[in-house]
Amino acid sequence: MRDLIAHADSINHLLSRYGVKFGIYKNNTFHEQLFPFDALPRIITHDEFVQLDKGLRQRVDALNMFLADIYHEKKIVRDGVLPTEFLYASKGYLPECEGIMPPAGIYSHISGIDLVQAKDKSWYILEDNLRIPSGASYPLIARELCRRASPQTFRQNDIVDNRNYADMLRDMMDYVSAPGMRVILTPGRYNAAYFEHSYLAERTDSALASNADLYVEDNKVYYRDYLGQAQRVGVIYRRLSDEYLDPLTFLPESLIGVPGLMNAYRAGNVAIVNAPGNGVADDKGIYYFVPKMIKYYLGEEPILHNAPTYLPFYEEDYKYVMENLHKLVVKDVSEAGGYGVVFGSNLTSEKLEALRETIKREPRRFIAQEVIDFIDLPIMEDGQQVPRKADLRAFVLSGRETRVWPSGLTRFSRQPDSFVVNSSQGGGFKDTWVLSR
Amino acid sequence: MGIISVEKSSRLIWLGRYTERAFTISRALSRYFDEMIDHDEYAYRGFLDCLGLPYIYGSRDAFIRTYIFDENDPNSLMSQLVRAMDNAIVMREELTSDTLCYVQMALDTLKQGREDSAPMLVLQQVVDDLFAFWGSADDNVANEDCRNLMKCGKYVERLDLYVRLGYPYREVEKETHKLLNRLNKVRFAHREQDAQKLLELTADEATYKANKQRIMTLLCTVLS
């Protein structure tokens, strides 16, 4: 490990050389910045991973069953497990997706599940990301570069090779694909995760396309080359949000979508990865119900637990939240990327009161969670190891089977005492090692 | 990946043009730099005249600081590399990360060299990175159309700059043939007649010297 740390600067230099960056908008201006990498990895033992693997597969399978149910029979609502209000009030629920069964019946092909590990070593799920979870490319390329910089580290430690992510992704895309080529659809280079779009296109041998490259004819999607010839598209790994995907179905003002795409999808002529409409399942409000879904659809006890969560929508929870707001973390269900997260302990009494009023007015808009005192991971700062909060985004791919990528994106806060680890908020990342024994 | 869209074909051509612009200008500047050291501190004006650029740089030091390193000057070397990167970054899956990184390295070198007291050494590194970019492109870019489009852009730009900067006829003739060779490998609607015309205008030194403006005009349209 010492050797790896000694080469940290070289690794960061290589990351810069390969353009491993993310974009961020500040004051309406686009800035690209390097994603700070800490060479000290998060280490997950073999036994720990076996448990995580089981729990994550269980959770994602249940979420896929939930999505299929919600856009068809809605048995979970009929049976009273999920209140109707929660379904129809969710911003992620798209009536346009009603009755559509995606190829192979899979909705969430790539699930990014955020977890934290408490000080007693137990893992808690913080949130499910089933729309366009990003981040796998960072540990993927970091591992490649770490191996170059410090081969002996990887010779001396039994680490599961994580460089199969692109193969897993390609296999999954091919499994759900209609006849035709693979495409990664990007909103463009000024997207925060553009590096990832282009890197995954390279690694999966897919065409990286913008909407101008695609068109729909007779409910089939085509990619047009520079000589005017067209090739059928079988699967689109889209990296733009549902509402921008197809101006004929969703936002008519979208300039980055592909007109007619939803018709082609509905006709079963193209697979869209992840399926439109998944937002209903990764809504922070729906998160509360995931353990119930696992029991409902699989008849199993959840292997991995949610962080203790309260829904002010329920009277009992509402009372608890109001009484304990000062020690809870409150999340706006419609926000992402670390935004809309408020720690009661950081608020003045006036602000606490204002938040209380807002929750009273819009109880469905918020969830409240106990603050999990999750473990600190060591990071290197000015040659010293310092403890920082870190989470883990695990990636679960669903194709022929549901598979957990034996790695993940470990993000850490660079500020002492901060729980916010998002890159958009200045966080860094680490490689995640899974030990093979 | 194998299939090149209209937008990507344009990106590839402009990637070729901007990398070549940065490359040839970096090399051309060495001549003017040398003169500016202890012969003529305004030698850079000759360079600006060749490229038809205005005298907006008040002094030798301002020229070096601004023309080479200032991203806000649209004519600067830095701007050419930024544009090269703008075109390269959207082509990663065709270029490969291993090739793309040399454009990134050239740009990083120039950015880090802003405060360097020896700008020519910085430019030497930029030239090395761009050489490596083309070597890597030949080695790693699997799609032949992709390579041909980039090289069409590269040789159009090189020829244009050689004509503007007054390079010897033998150099222009050599680069004309390189361009024609590439044009023969891509399929543009009016390629044949443009190629023929270019050949006529560079047939010998006298014809070339009498037709520089026409050659530059032709180069503007040959890839449209």
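Quantities reported herein were computed from a predicted structural model and do not represent experimental measurements.

> What is the right way to read the overall build of chain B from this model?
On a plain count of helices and strands, chain B comes out with 12 helices and zero strands. Going residue by residue from the N terminus, the α and β elements of chain B occur as α-α-α-α-α-α-α-α-α-α-α-α. The C-alpha radius of gyration of chain B comes to 18 Å, within 12% of the 17 Å expected for a compact globule of 224 residues. Summarising its shape, the C-alpha atoms of chain B cover approximately 50 × 45 × 25 Å along the three principal directions. By residue count, 57% of the 224 residues in chain B fall in the buried class. For chain B, restricting intrachain contacts to residue pairs at least 6 apart in sequence, the fraction spanning at least 24 positions comes to 61%. Seen as two clouds, the 29 positive and the 35 negative side-chain charges of chain B have centres 4 Å apart.

> Would you mind going over helix α14 (residues 315–324) of chain A with me for this structure?
Residues that lie three or four places apart on an α-helix share one face, since the helix turns once every 3.6 residues. Taken residue by residue, α14 of chain A has Asp317, Tyr318, Val321, Met322 and Asn324 of chain A as its buried positions. Of the surrounding elements, those touching the buried residues of α14 of chain A are β13 (309–310), β14 (328–332), α15 (349–361) and β16 (366–370) of chain A.

> Even after reading the chapter, I still don't get the pattern of salt bridges, so can you show me in this structure?
Where charged atoms from two side chains of opposite charge come close, those side chains can pair. Here the structure, examined in full by the defined rule, presents 40 salt bridges over all chains. Between Asp174 of chain A and Arg182 of chain A there is a salt bridge; the shortest N-O distance is 2.8 Å. The shortest N-O distance in the salt bridge between Glu157 of chain B and Arg17 of chain B comes to 2.7 Å. Separated by 140 residues along the polypeptide, Glu157 of chain B in helix α8 (residues 144–164) and Arg17 of chain B in helix α1 (residues 6–38) bring together distant segments of the chain. In this structure Glu157 of chain B comes out as buried when scored by relative accessible area, which is 1%. One network of salt bridges, in which partners are shared, links Asp114, Asp391, Arg393 and Arg411 of chain A.

> Mind showing me how you'd approach the environment of Ile89 of chain B here?
Along the chain, Ile89 of chain B falls in helix α4 (residues 77–89). Discounting chain neighbours no more than four positions away, the residues touching Ile89 of chain B are Glu32, Arg189, Tyr194 and Ser198 of chain A together with Leu100 of chain B.

> Whenever I open this one, the sheet that holds β13 of chain A confuses me. Can you help?
Residues and elements named next belong to chain A. Ordered in space as β13-β16-β14-β15, the four strands form an open sheet in which the pairing is antiparallel. The outermost strands of the open sheet, each flanked by one partner alone, are β13 and β15 (341–343). Note that β13 and β16 share two bridges and pair antiparallel. The residue of β16 that forms the bridge with Thr309 is Gln369.

> Would you mind showing me how to read the domain arrangement of chain A here?
Often the size quoted for an interface is simply the accessible area lost on bringing the parts together. All names here are of chain A. Taken domain by domain, chain A holds domain 1 (2–301 + 374–434) and domain 2 (308–370). Each of domain 1 and domain 2 has a C-alpha centre, and these two points are 27 Å apart. Listed as interface residues are 18 residues of domain 1 and, on the opposing side, 19 residues of domain 2. When residues of domain 1 are sorted by the area they lose upon contact with domain 2, Phe86, Lys284 and Tyr288 head the list and together hold 40% of the total. Where domain 1 packs against domain 2, one counts one salt bridge. In this structure, the salt-bridge partner of Arg364 is Asp283, at a minimum N-O distance of 3.5 Å. Joining domain 1 to domain 2, the criterion identifies two residue pairs in polar contact (both at pLDDT 80 or more).

> I would appreciate a short explanation of the interface of chain B and chain A in the present structure.
Tallying the contact residues gives 24 residues for chain B and 28 residues for chain A. Both sides together, the interface formed by chain B and chain A hides about 2400 Å², and carbon and sulfur atoms give 53% of it. Across the pair Asp86 of chain B and Arg189 of chain A runs a salt bridge whose closest N-O atoms are separated by 2.2 Å. Our count for the chain B to chain A interface comes out at 12 residue pairs in polar contact (both at pLDDT 80 or more). Here the residues of the side of chain B that touches chain A sort into 10 nonpolar, five polar and nine charged.

> Explain the packing of helix α2 (residues 8–17) of chain A against helix α6 (residues 137–149) of chain A to me, please; I cannot follow it from the model alone.
When two helices pack together, you describe them by how their axes are tilted relative to each other and by the distance separating the axes. Residues and elements named next belong to chain A. At a closest axis distance of 9 Å, the pairing of α2 and α6 adopts a crossing angle of 135°. Relative to α6, the element α2 is oriented oblique. As α2 runs across α6, the sense of the crossing is right-handed. Taken together, the residues of α6 that come into contact with α2 (itself represented by Ile11, Leu14 and Leu15) are Ile141, Ala142, Leu145, Cys146 and Ala149. Residues that form the contact of α2 with α6 fall into these classes: eight nonpolar, no polar and no charged.

About the thresholds
- Residues numbered from 1 in each chain as written.
- Chains lettered and ligands numbered in written order.
- Predicted model: local features only at pLDDT ≥ 70, side-chain atom pairs only at ≥ 80, totals over all residues.
- Heavy atoms only, no water.
- Helix = DSSP H or I, 4+ residues; strand = E, 2+ residues; numbered from the N terminus.
- Rg over C-alpha atoms; globule rule 2.2 N^0.38 Å.
- Buried < 20%, exposed > 50% of the residue type's maximum accessible area, 1.4 Å probe, protein only.
- Contact = heavy atoms within 4.5 Å.
- Lys, Arg positive; Asp, Glu negative; His and termini not counted.
- Charge placed at Lys NZ, Arg CZ, Asp CG, Glu CD.
- Salt bridge = Lys/Arg side-chain N within 4 Å of Asp/Glu carboxyl O.
- Pairing = 2+ DSSP bridges.
- Domains from an automatic or database assignment.
- Buried area = accessible area lost by both parts, 1.4 Å probe.
- Polar contact = N/O pair within 3.5 Å; in protein donor to acceptor, adjacent residues only side chain to side chain.
- Nonpolar A, V, L, I, M, F, W, Y, C, P; charged D, E, K, R; others polar.
- Axes fitted to C-alpha atoms, helices over the stretch in contact; angles between N-to-C directions.
- Parallel < 35°, antiparallel > 145°, perpendicular 65-115°, else oblique.
- Left-handed = near helix turned anticlockwise from the far one by under 90°.

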